[in-house]
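Spelled out from the first residue to the last, the chains are:
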Amino acid sequence: MRAVDIIGRKRSGLELSAEEISFLIDGYSAGTVPDYQMAAWAMAVVFRGMTAAETAELTMAMARSGDQLDLSAITGIKVDKHSTGGVGDKTTLILGPLVASAGVPVAKMSGRGLGHTGGTIDKLESIRGFRTELTTGEFIKQVNELGLAVVGQSGDMAPADKKLYALRDVTATVESVPLIASSVMSKKIAAGADAIVLDVKAGGGAFMKTVEDAERLAQAMVAIGTETGRHTVAVISDMNQPLGYMIGNALEVAEAVETLRGSGPKDLEELCTTLAAHMVVLGGKAQSFEEARLLVQSKLQSGEALAKMSEFVAAQGGDPAMVNHTELLPKAPYQLEVKAARAGYITAIEAEELGLAAMHLGAGRPTKEAEIDHAVGIQLTCRLGDRVEQGDVIALLHARQDGAAESRVAEAVRDAFLIADAPASARPLVLSVVT
Ligand code: URA
């Protein structure tokens, strides 16, 4: 078999066999297929696409390229959740305890933030003492005993995807539904998921700007799940504004705890109960979405989900007092007001701009190696559709200092709010579900 022939077949729009796809991915991992051939093939995929069978083969070949987590020692159906990247997205912090309290084991590997997006692991590390590295034995034991563990990515999972993604990034081949879908799903499968719930974001702050594009991506990922025997459901949710009011690590932990108390922002609660209910159905703890939704709502109302959060934090070495008294979380010394530039209705809040602004305050990482400040971030004080007057406070910067850099961030935050004379038509947070 020769890579050049496989590239030629894809260029002509033909369907590749499982053997041809494995040949490329295994060869790329081993270094026998060079970057230039992989880049040519990726570009052919951008133009010609891939069938569902090819996409599933690519996913499995990438999942097999490195370590694969074996979660078979955990009793029950392990349902993983993945979000395609949002700003202010603290859903894992809420879903973990919520789903575990409904009886579905959550064995989750999460990432760190980079650029404008935050990472669950950084958020959890706002809690004093919280350990995000557990041995596999500790991880499995904790999930079996408590129903929940969240750790940072360890080992070398789906290295072929990592290498290919870096290549796509510099060859203008990221924007391909089958390549994105297989990239995401290969990592979930390598992490040991039996079933997967995807939160696919659509809007200004998301990878997929329109609902139609988000649905195409969701359908491709659900199809991979079907082909590979992992029941997958995708929820398309709006990212035309950040999720909830808080952006920044400790601020997001506090908001997640509020939501587990039942007094968080309604949009965040709605998305979390929707995702949790799908996880509970896939985990076999309810027959229907409606039954599952009532179950998770009862876990929020009874305080069981919040109690699970405290137990989980304590089990991983964190200080549970910080869950019960979120005022003990790291706190920034300054709260700087950002004021509306004009009167009118808020018609858009550019999530990506706010994510970048939070990064400039120190809440995120401009480079992989950068240190982050858990205390700083942005607190929104209004939402899409709100009416504001000129000079009204629209956000607070939780900052380490009050200098020229913070003033520049304040300007960027102010500019991220689009204000018009008439309100824009509202759209729901949960836009559609692909099963
Ligand atoms: N996120 C991924 O993990 N992979 C892609 O290809 C795009 C976004």
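What you see is a predicted model; the values in this text were computed from it and never measured. (Residues numbered from 1 in each chain as written. Predicted model: local features only at pLDDT ≥ 70, side-chain atom pairs only at ≥ 80, totals over all residues.)

J.: Explain the overall build of the protein chain to me, and be specific about the residues and the numbers.
T.: A tally of regular secondary structure across the protein chain gives 17 helices and 13 strands. In terms of C-alpha radius of gyration, the protein chain reaches 22 Å, essentially the compact-globule figure of 22 Å for 435 residues. Its C-alpha atoms give the protein chain principal-axis dimensions of roughly 65 × 50 × 40 Å. Per-residue burial for the protein chain yields a buried fraction of 54% across its 435 residues. In the protein chain, 77% of the contacts between residues at least 6 apart in sequence involve partners at least 24 apart. (Helix = DSSP H or I, 4+ residues; strand = E, 2+ residues; numbered from the N terminus. Rg over C-alpha atoms; globule rule 2.2 N^0.38 Å. Buried ≥ 20, exposed ≤ 12 C-beta atoms within 10 Å, placed from the backbone. Contact = placed C-beta atoms within 7 Å.)

J.: So what about the pairing of strand 11 (residues 393-399)? Which residues, and what values?
T.: With respect to burial, strand 11 is a largely interior element, six of its seven residues being buried. With six bridges joining them, strand 7 (residues 334-339) and strand 11 adopt antiparallel strand pairing. Residue pairing in the sheet places Gln-335 in a bridge with His-398 of strand 11. Bridge analysis of strand 9 (residues 377-380) against strand 11 gives four bridges, and the strand direction is antiparallel. For Leu-380, the partnering residue across the bridge sits in strand 11 and is Ala-395. (Pairing = 2+ DSSP bridges.)

J.: A description of the packing of helix 2 (residues 18-30) against helix 8 (residues 159-169) should follow, citing residues and the corresponding values.
T.: For the pair helix 2 and helix 8, the least separation of the axes is 10 Å and the interaxial angle reads 85 degrees. Our classification of the angle between helix 2 and helix 8 gives roughly perpendicular. Judged by residue contacts, Ile-25, Tyr-28 and Ser-29 of helix 2 engage Pro-159, Ala-160, Lys-163 and Leu-164 from helix 8. Broken down by class, the residue content of the contact of helix 2 with helix 8 amounts to five nonpolar, one polar and one charged. (Axes fitted to C-alpha atoms, helices over the stretch in contact; angles between N-to-C directions. Parallel < 35°, antiparallel > 145°, perpendicular 65-115°, else oblique. Nonpolar A, V, L, I, M, F, W, Y, C, P; charged D, E, K, R; others polar.)

J.: So what's going on with the sheet that holds strand 9? Which residues, and what values?
T.: Here four strands make up an open sheet; going across it, the order is 6-9-11-7 and the pairing antiparallel. Here the strands that pair on one side only, and so sit at the sheet edges, are strand 6 (246-247) and strand 7. Contacts between helix 16 (residues 351-361) and the sheet are confined to strand 6, strand 9 and strand 11, with strand 9 contributing the most and set at about 135 degrees to the helix.

J.: Which residues make up unusual backbone geometry, and what values go with them?
T.: One non-glycine residue, Ala-158, lies in positive phi territory at about 45 degrees. Mapping Ala-158 onto the fold places it in the loop between strand 3 (148-152) and helix 8. Although it is not a glycine, Ala-172 sits at a positive phi angle of roughly 55 degrees. Along the polypeptide, Ala-172 turns up in the loop between helix 8 and helix 9 (177-190).

J.: Can you explain the UniProt feature "domain: Pyrimidine nucleoside phosphorylase C-terminal" (unreviewed entry) in the protein chain? Please cite residues and give values.
T.: According to UniProt, the "domain: Pyrimidine nucleoside phosphorylase C-terminal" (unreviewed entry) feature falls on residues 345-420. Note that residues 345-420 is 30% helix and 29% strand, and that its end C-alpha atoms are spaced 5 Å apart. (UniProt positions renumbered as here; feature names shortened; annotations may be inferred.)

J.: Residue-level account of the site of the ligand, with values.
T.: In the vicinity of the ligand, the contacting residues are Tyr-165, Val-174, Leu-179, Ile-180, Ser-183 and Val-184. With four residues, helix 9 is the single largest residue contributor to the shell around the ligand. Partitioned by chemical class, the residues of the shell around the ligand number five nonpolar, one polar and no charged. (Near = placed C-beta within 6 Å.)

J.: Tell me about the sheet that holds strand 12 (residues 417-420), and please be specific about residues and values.
T.: Reading across the sheet, the three strands line up as 10-8-12 and stay open at both edges, with antiparallel pairing between neighbours. Two strands close off the open sheet at either side, each with one partner strand: strand 10 (387-388) and strand 12. With four bridges connecting them, strand 8 (residues 344-349) and strand 12 associate as antiparallel partners. Residue Ala-348 lies in a different strand from strand 12, and its bridge partner there is Leu-418.

J.: I'd like to hear about helix 17 (residues 404-415), residue by residue, with values.
T.: Note: α-helices contain 3.6 residues per turn, so residues at a spacing of three or four share the same orientation. In a regular helix each residue adds 1.5 Å, so 12 residues correspond to 16 Å; helix 17 covers 17 Å between its end C-alpha atoms and thus fits that length. In this structure, the buried residues of helix 17 make contact with strand 7, helix 16, strand 9 and strand 11. (Expected span 1.5 Å × (residues − 1).)

J.: Residues and numbers for the nonpolar core, please.
T.: In this structure, Met-221 and Val-280 are the most contacted members of the largest nonpolar core, which totals 146 residues. Residues within four places of Val-280 in sequence aside, it is in contact with Val-99, Ala-102, Val-104, Lys-285, Ala-286, Ala-292, Leu-295 and Val-296. (Core = buried A, V, L, I, M, F, W, Y, C linked by C-beta atoms within 7 Å.)

J.: Report on the confidence of the model for the protein chain, specifying residues and quantitative values.
T.: Across the protein chain, the average pLDDT comes to 95, with 100% of residues at 70 or higher. Interface scoring of the predicted complex returns ipTM 0.96; its pTM is 0.93. (pLDDT = per-residue confidence, 0-100.)

J.: Tell me about the environment of Ala-405, residues and numbers included.
T.: Considering the arrangement of structural elements, one finds Ala-405 in helix 17. On a C-alpha basis, the gap between Ala-405 and His-360 in space is 8.2 Å, while along the polypeptide they are 45 residues apart.

J.: Explain the domain arrangement of the protein chain residue by residue, including any values.
T.: Each assigned domain of the protein chain is listed with its residue range as follows: domain 1 (3-49), domain 2 (79-324) and domain 3 (331-420). The straight-line distance from the C-alpha centre of domain 1 to that of domain 2 is 32 Å. Taken together, the contact between domain 1 and domain 2 spans 11 residues of the former and 12 residues of the latter. If you list the elements that add at least two residues to the side of domain 1 that touches domain 2, you get helix 2 and helix 3 (35-48). Per element, the largest residue contribution to the side of domain 1 that touches domain 2 is seven residues, and it comes from helix 3. (Domains from an automatic or database assignment.)

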